[in-house]
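Each chain, letter by letter, is given below.
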Amino acid sequence: MSDPGVVIVGGSLGGLRAAEQLRSAGHTGPLRVIGEEVHLPYNRPPLSKDVLADPGDDDVDRLHATLAFRRRASVADVEFLLGSAAVGAELGARTVRLDDGATLSYDGLVVATGLRARRLDLPGPAAGRHVIRTLDDALGLRAAIASRPSVVVIGSGFVGCETAASLHTLGLAVTVVDPAEVPFARALGPRLGGAVRRHLERAGVTFAMGVGVAGYAGTEAVTGVILADGRVLDAGLVVEAVGSRCNTEWLDGNGLDLGDGVLTDNNLAVAGTERVVAVGDVARFPNPLVDDVPRRVEHWSMPTDTAKRAAATLVAQLTDEPAPDTPFTPIPSFWSDLLDLRLQAFGSPALADEAILEEGDVDRLADGALITYRRSGLLIGTVAVNLPPARQRQLRERFLERVS
Ligand SMILES: Cc1cc2nc3c(=O)[nH]c(=O)nc-3n(C[C@H](O)[C@H](O)[C@H](O)COP(=O)(O)OP(=O)(O)OC[C@H]3O[C@@H](n4cnc5c(N)ncnc54)[C@H](O)[C@@H]3O)c2cc1C
């Protein structure tokens, strides 16, 4: 085939890395990236960390410039159609429909549409309720904290606790609410989750755990959060950090398994299609490093890892070459910054049935700690807290050795 054109839907980290990796894998034809956001790809992790903790100036372009990924020479000719959403696709005809009515044809398609923040469907005013997924969300939140409201963060996962910690460093009164008893219980296990909670509490963040939210108080704007047990927490601002939804509706009607993201095989080829691959947060793929169960992995490292394999798969399909035949076994890894704690995880701690404290004291996390996670006795993950980078590299190697 001569000069095949690839359309990438989703203009964030996954879309950018897919474009770069398609060039590396030998695709020299046209590449178009369709991005719903108006911004060129930028880094999301700082949104709940430095961008909130250090408000600075509110010029969107200057802020974007500090977060934007460097555009490599290999993708200088890639066309970005920004502020443009895919609203439908007919995979049999190899076309994608955009929100302005245009139809794009493709020879190969990359699904990189990631996630959007889930919102709570609760009674009460809309004003004062925020989420944090995009640069525009973060700017909206920054503008809203100028009046120094008391803040309730609903959700005690990483984004919720990072947001709470960042707003706390600005001197705001912050309460984290969650029906779960312990923050990060699923991701880190109750022992470390409980220790992180105590660390944040000692710094002054308040937690209301084990209770749900029934609604919002206020008429024009939120003035409080009504808990399921009848208590009302003062809140001039609420951040709903209650997980996410996969952006896959535009693929409806094609017979795909969109039960949780887009189901792919181990090569990131979308199941039941030709010349369609998925990357990043939206891709649900089996990782033999862990087991054979397809899962999505919402970590920053995954768009890069999956884009490399997906590009090799797509280029092979476009050129009628065999698909890669070595197992694709990326190591899940994530980090989180919470006040003076840096957590660094390898593997899949969330799948463990046992957590062992190997180093340190969970009640002195800032001094360093190491927890290993096992499933049926086998090492499945590690979490290091405040250990130096060299030690973290060792842990990654050790993890690889044990699972290989
Ligand atoms: C606040 C925050 C903090 C985080 N912190 C960490 C961290 O500390 N450590 C870590 O490991 N990970 C972290 N992450 C996760 C990490 O940022 C994600 O794993 C990564 O952004 C996933 O990239 P992606 O390109 O797959 O998806 P996304 O970043 O979700 O990008 C998808 C893009 O597709 C666009 N899109 C969606 N639908 C359409 C459509 N129909 N048409 C066109 N475009 C569309 C969206 O607008 C978006 O720009 C954090 C995420 C957030 C939100």
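This one's a predicted model, so the numbers in the text were calculated from it and none came from an experiment.

Cut-offs applied
- Residues numbered from 1 in each chain as written.
- Predicted model: local features only at pLDDT ≥ 70, side-chain atom pairs only at ≥ 80, totals over all residues.
- Heavy atoms only, no water.
- Phe/Tyr/Trp six-rings, centres within 6.5 Å; stacked < 30°, edge-to-face > 60°.
- Lys NZ or Arg CZ within 6 Å of the ring centre and 35° of its normal.
- Core = buried A, V, L, I, M, F, W, Y, C linked by side-chain atoms within 4.5 Å.
- Buried < 20%, exposed > 50% of the residue type's maximum accessible area, 1.4 Å probe, protein only.
- Helix = DSSP H or I, 4+ residues; strand = E, 2+ residues; numbered from the N terminus.
- Contact = heavy atoms within 4.5 Å.
- Pairing = 2+ DSSP bridges.
- Near = heavy atom within 4 Å.
- Polar contact = N/O pair within 3.5 Å; in protein donor to acceptor, adjacent residues only side chain to side chain.
- Areas by Shrake-Rupley, 256 points an atom, 1.4 Å probe, with all protein chains shown as cover.
- Nonpolar A, V, L, I, M, F, W, Y, C, P; charged D, E, K, R; others polar.
- Domains from an automatic or database assignment.
- Buried area = accessible area lost by both parts, 1.4 Å probe.
- Salt bridge = Lys/Arg side-chain N within 4 Å of Asp/Glu carboxyl O.
- Expected span 1.5 Å × (residues − 1).
- Right-handed = clockwise from strand over helix to strand, strands pointing away.
- Axes fitted to C-alpha atoms, helices over the stretch in contact; angles between N-to-C directions.

This part takes up the packing of aromatic side chains. This structure, assessed with the given rule, holds four aromatic pairs. These aromatic residues form a ring-pair network of at least three members: Phe158, Phe184 and Phe334. We note Arg17 situated over the ring of Phe69; from NZ or CZ to the ring centre the distance is 5.3 Å.

Nonpolar side chains in soluble globular proteins generally cluster together in the buried interior. Leu192 and Leu365 are the most contacted members of the largest nonpolar core, which totals 56 residues. If one sorts the elements of this core by residue count, strand S25 (residues 378-385) sits on top with five residues. With near-sequence residues (within four places) excluded, Leu365 lies in contact with Leu192, Ala195, Val196, Leu341, Val385 and Asn386. Counting residues in hydrophobic clusters, the runner-up holds 51 residues, among them Leu104, Leu268, Ala307 and Phe328.

This part is about the sheet that holds strand S10 (residues 151-154). An order of S9-S16-S10-S11-S12 is seen for the five strands of this open sheet, with the pairing classed as parallel. The two strands at the open ends of the sheet, each matched to only one other strand, are strand S9 (129-130) and strand S12 (206-209).

Time to look at the site of the ligand. The environment of the ligand is made up of 35 residues, and the closest members are Gly14, Glu37, Arg44, Lys49 and Arg133. Between an oxygen atom of the ligand and a main-chain N or O atom of Leu115, the distance comes to 3.2 Å. Here Asp281 contributes a side-chain N or O atom positioned 2.8 Å from an oxygen atom of the ligand. A total of 1,000 Å² of accessible area belongs to the ligand in isolation, and the protein chains cover 94% of it. Along the lines of polarity and charge, the residues of the shell around the ligand split into 15 nonpolar, 12 polar and eight charged. Each of two domains, domain 1 (6-116 + 245-318) and domain 2 (119-242), supplies a minimum of three residues to the shell around the ligand.

Okay, the domain arrangement of the protein next. Along its sequence, the protein is organised into domain 1 (6-116 + 245-318), domain 2 (119-242) and domain 3 (340-403). Look at where the C-alpha atoms of domain 2 and domain 3 centre, and you get two points 27 Å apart. Between domain 2 and domain 3, roughly 1,100 Å² of surface is buried when both sides are summed, and carbon and sulfur atoms account for 62% of that area. Of all residues in domain 2, Arg191, Leu192 and His199 give up the largest surface area on contact with domain 3, accounting jointly for 45% of the area buried on that side. Counting across the domain 2 and domain 3 interface gives one salt bridge. One salt bridge in this structure joins Asp363 and Arg198, with 2.9 Å as the shortest N-O distance. Elements with a contribution of two residues or more to the side of domain 2 that touches domain 3: helix H6 (185-188) and helix H7 (190-203). Considering each element in turn, the side of domain 2 that touches domain 3 owes the most residues, seven residues, to H7. Classifying every residue of the side of domain 2 that touches domain 3 gives six nonpolar, one polar and four charged.

This part covers helix H1 (residues 13-24). In this model, H1 (12 residues) spans 16 Å end to end at C-alpha, consistent with the 16 Å of a helix rising 1.5 Å per residue. Listing the buried residues of H1 in full gives Leu13, Gly14, Gly15, Leu16, Arg17, Ala18, Ala19, Glu20, Gln21, Leu22 and Arg23. The secondary structure elements touched by the buried residues of H1 are strand S1 (6-9), strand S2 (31-35), strand S3 (79-82), strand S7 (108-111) and helix H8 (301-318). Two residues or fewer past H1, Gly26 is found with a positive phi of approximately 105°.

Here we take up the side chain of Ser84. In this structure, Ser84 sits in the loop between S3 and strand S4 (86-90). Discounting chain neighbours no more than four positions away, the residues touching Ser84 are Ile34, Gly35, Glu36, Leu98 and Asp99.

Quick look at unusual backbone geometry now. The backbone of Asp320 sits at a positive phi, close to 55°, despite the residue not being glycine. With respect to the secondary-structure elements, Asp320 resides in the loop between H8 and strand S21 (333-338). Since its relative accessible area comes to 70%, Asp320 is described here as exposed. Positive phi is not limited to glycine here, since Ser376 has a value of about 50°. Mapped onto the fold, Ser376 is located in the loop between strand S24 (369-375) and S25.

Right, let's talk about the pairing of S10 for a bit. Of the two faces of S10, the one carrying Val151 and Val153 and the one carrying Val152 and Ile154 are both buried. With four bridges connecting them, S10 and strand S11 (residues 174-178) associate as parallel partners. Across the sheet, Val153 pairs through a bridge with Val176, a residue of S11. As a crossover connection, the stretch from S10 through helix H5 (residues 158-169) into S11 is right-handed. For S10 and strand S16 (residues 237-240), the ladder comprises four bridges, and the chain directions are parallel. Pairing of Val151 across the sheet is with Leu237, part of S16.

This part is about the pattern of salt bridges. This model, assessed by the stated rule, comprises 22 salt bridges. Among the charged side chains, a salt-bridge network with shared partners connects Arg17, Glu20 and Arg72.

Here the focus is the environment of Leu82. Looking at the secondary structure, you find Leu82 in strand S3. The exposure class assigned to Leu82 is partly exposed, which follows from its relative accessible area of 29%. The spacing of Leu82 and Arg342 is 260 residues in sequence and 34 Å in space, taken between C-alpha atoms. Apart from the residues lying within four places of it in its own chain, the contact partners of Leu82 are Gly35, Glu37, Val38, His39 and Leu40.

To continue, consider the sheet that holds strand S6 (residues 103-105). The antiparallel open sheet is built from three strands, whose spatial order is S4-S5-S6. Pairing within the sheet leaves two strands with one partner each, and these edge strands are S4 and S6. Recorded for the sheet is a direction-independent mean angle of 25° between the axes of neighbouring strands. The pairing of strand S5 (residues 95-98) with S6 spans three bridges and is classified as antiparallel. When the bridges of S6 are listed, Arg97 appears paired with Thr103.

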